[in-house]
Amino acid sequence: MAARTGRRSTRARGAALEFRRRPCARDIPALARLVAATGVFNPTELAVAREILEERLAHGRSSGYSFVLAERDGTLVGYTAWGPIPLTRGSYDLYWIAVDPSAQGLGVGRALLAETERDVARHGGGRIYIETSGRPAYERTRRFYLAAGYAEVARLEDFYAVGDDKVIYRKVVPAAPRRGKRGGRAPAR
Ligand SMILES: CC(C)(COP(=O)(O)OP(=O)(O)OC[C@H]1O[C@@H](n2cnc3c(N)ncnc32)[C@H](O)[C@@H]1OP(=O)(O)O)[C@@H](O)C(=O)NCCC(=O)NCCS
């Protein structure tokens, strides 16, 4: 674990995972492959997933997109993309979460959400919003959010299409305690 490089490691049900915050060009094909492999996103969504990463690579943090990339043995097995919602104070969107099918159900998604929440806490905390579909195909995904402590706060009927609601989840993340001054090391004299 090395906080300075933005790398952390953890174990998700036995699998050693490394987390990286700084995306690079080689992540483009790996991410495109992973998102397509989940089989739940349509071609437009696949293009958007890629564009978000390209925006981040082109404009850095000012793109408004932050990433948590999970790797096992150097291979990308999942990621989240998140960022502050423009014109709000302390509201964040989880734009994307995906785990490679070969690694699903092993706790990788849960660990990615926890890492993302840690980042939001470090940014001063706030509210994380997640939008998903109300279709039966997303039933497990919705259970996943509920199990991770996200509450359903709104449901927009027929939003994506007739019979396809938008379901909005939210979790309140407290700010991480500030380091330094009180409780920190005494400054060197
Ligand atoms: C949803 C997703 C990110 C969860 O990641 P994950 O690593 O499989 O989840 P975890 O192993 O941490 O947690 C598993 C839990 O999530 C739920 N879950 C959701 N989708 C699942 C899947 N495809 N396989 C297994 N469990 C899944 C289960 O309820 C499971 O609960 P359990 O452990 O009590 O059985 C992942 O399955 C995925 O990428 N799905 C396709 C893409 C997607 O739907 N993204 C969200 C779009 S809004």
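A. Fine view of the overall build of the protein chain. The helix and strand tally for the protein chain stands at four helices and eight strands. Residues counted as buried form 28% of the 189 residues belonging to the protein chain. For the protein chain, contacts bridging at least 24 residues in sequence account for 53% of all contacts bridging at least 6.

B. Structural context of the pairing of strand β4 (residues 75–84). Within β4, seven of the ten residues are buried, leaving the element largely enclosed by the surrounding structure. Where strand β3 (residues 66–72) lies against β4, seven bridges are found, and the strand directions are antiparallel. Bridge pairing in β4 links E71 to L76. Linking β3 back to β4 in an antiparallel pair, the connection comprises two residues, with D73 at a positive phi of about 50 degrees. Bridge count between β4 and strand β5 (residues 91–99): seven bridges; the pairing is antiparallel. Its bridge partner being in β5, Y79 is matched across the sheet by A98. Linkage of β4 to β5, two consecutive antiparallel strands, is achieved through a turn of six residues, within which L87 is found at a positive phi near 70 degrees.

C. Looking closely at the packing of helix α1 (residues 27–37) against helix α2 (residues 43–59). Taken N-terminus to C-terminus, the directions of α1 and α2 make an angle of 155 degrees; their axes are 10 Å apart at the nearest point. Classified by the interaxial angle, the pair formed by α1 and α2 is roughly antiparallel. Between α1 and α2 lies a crossing whose hand is right-handed. Taking contact as the criterion, the partners of D27, I28, L31, A32, V35 and A36 in α1 are, on α2, L46, A49, R50, L53 and E54. A per-class count over the contact of α1 with α2 returns eight nonpolar, no polar and three charged.

D. How the structure looks around the environment of A70. Within the secondary structure layout, A70 lies in strand β3. Here A70 falls in the buried class, since 26 other C-beta atoms lie within 10 Å of it. Placed 49 residues apart in sequence, A70 and R21 show a C-alpha to C-alpha distance of 9.1 Å. If we skip the residues at most four places from it in the chain, A70 touches L17, F19, V77, G78, Y79, V108, A111 and L112.

E. Fine view of the site of the ligand. Taken together, 18 residues lie around the ligand, and Q104, G105, G109, R110 and F144 are the ones closest in. For the shell around the ligand, the elements supplying multiple residues, two or more each, are β5, α3 (108–122) and α4 (139–147). Of the residues in the shell around the ligand, the class split is eight nonpolar, seven polar and three charged.

F. Main features of the nonpolar core. Residues A70, Y79, V108 and L112 are the most contacted members of the largest nonpolar core, which totals 38 residues. In terms of residue count, the dominant contributor to this core is β5 (six residues).

Parameters at a glance
- Residues numbered from 1 in each chain as written.
- Predicted model: local features only at pLDDT ≥ 70, side-chain atom pairs only at ≥ 80, totals over all residues.
- Helix = DSSP H or I, 4+ residues; strand = E, 2+ residues; numbered from the N terminus.
- Buried ≥ 20, exposed ≤ 12 C-beta atoms within 10 Å, placed from the backbone.
- Contact = placed C-beta atoms within 7 Å.
- Pairing = 2+ DSSP bridges.
- Axes fitted to C-alpha atoms, helices over the stretch in contact; angles between N-to-C directions.
- Parallel < 35°, antiparallel > 145°, perpendicular 65-115°, else oblique.
- Left-handed = near helix turned anticlockwise from the far one by under 90°.
- Nonpolar A, V, L, I, M, F, W, Y, C, P; charged D, E, K, R; others polar.
- Near = placed C-beta within 6 Å.
- Core = buried A, V, L, I, M, F, W, Y, C linked by C-beta atoms within 7 Å.

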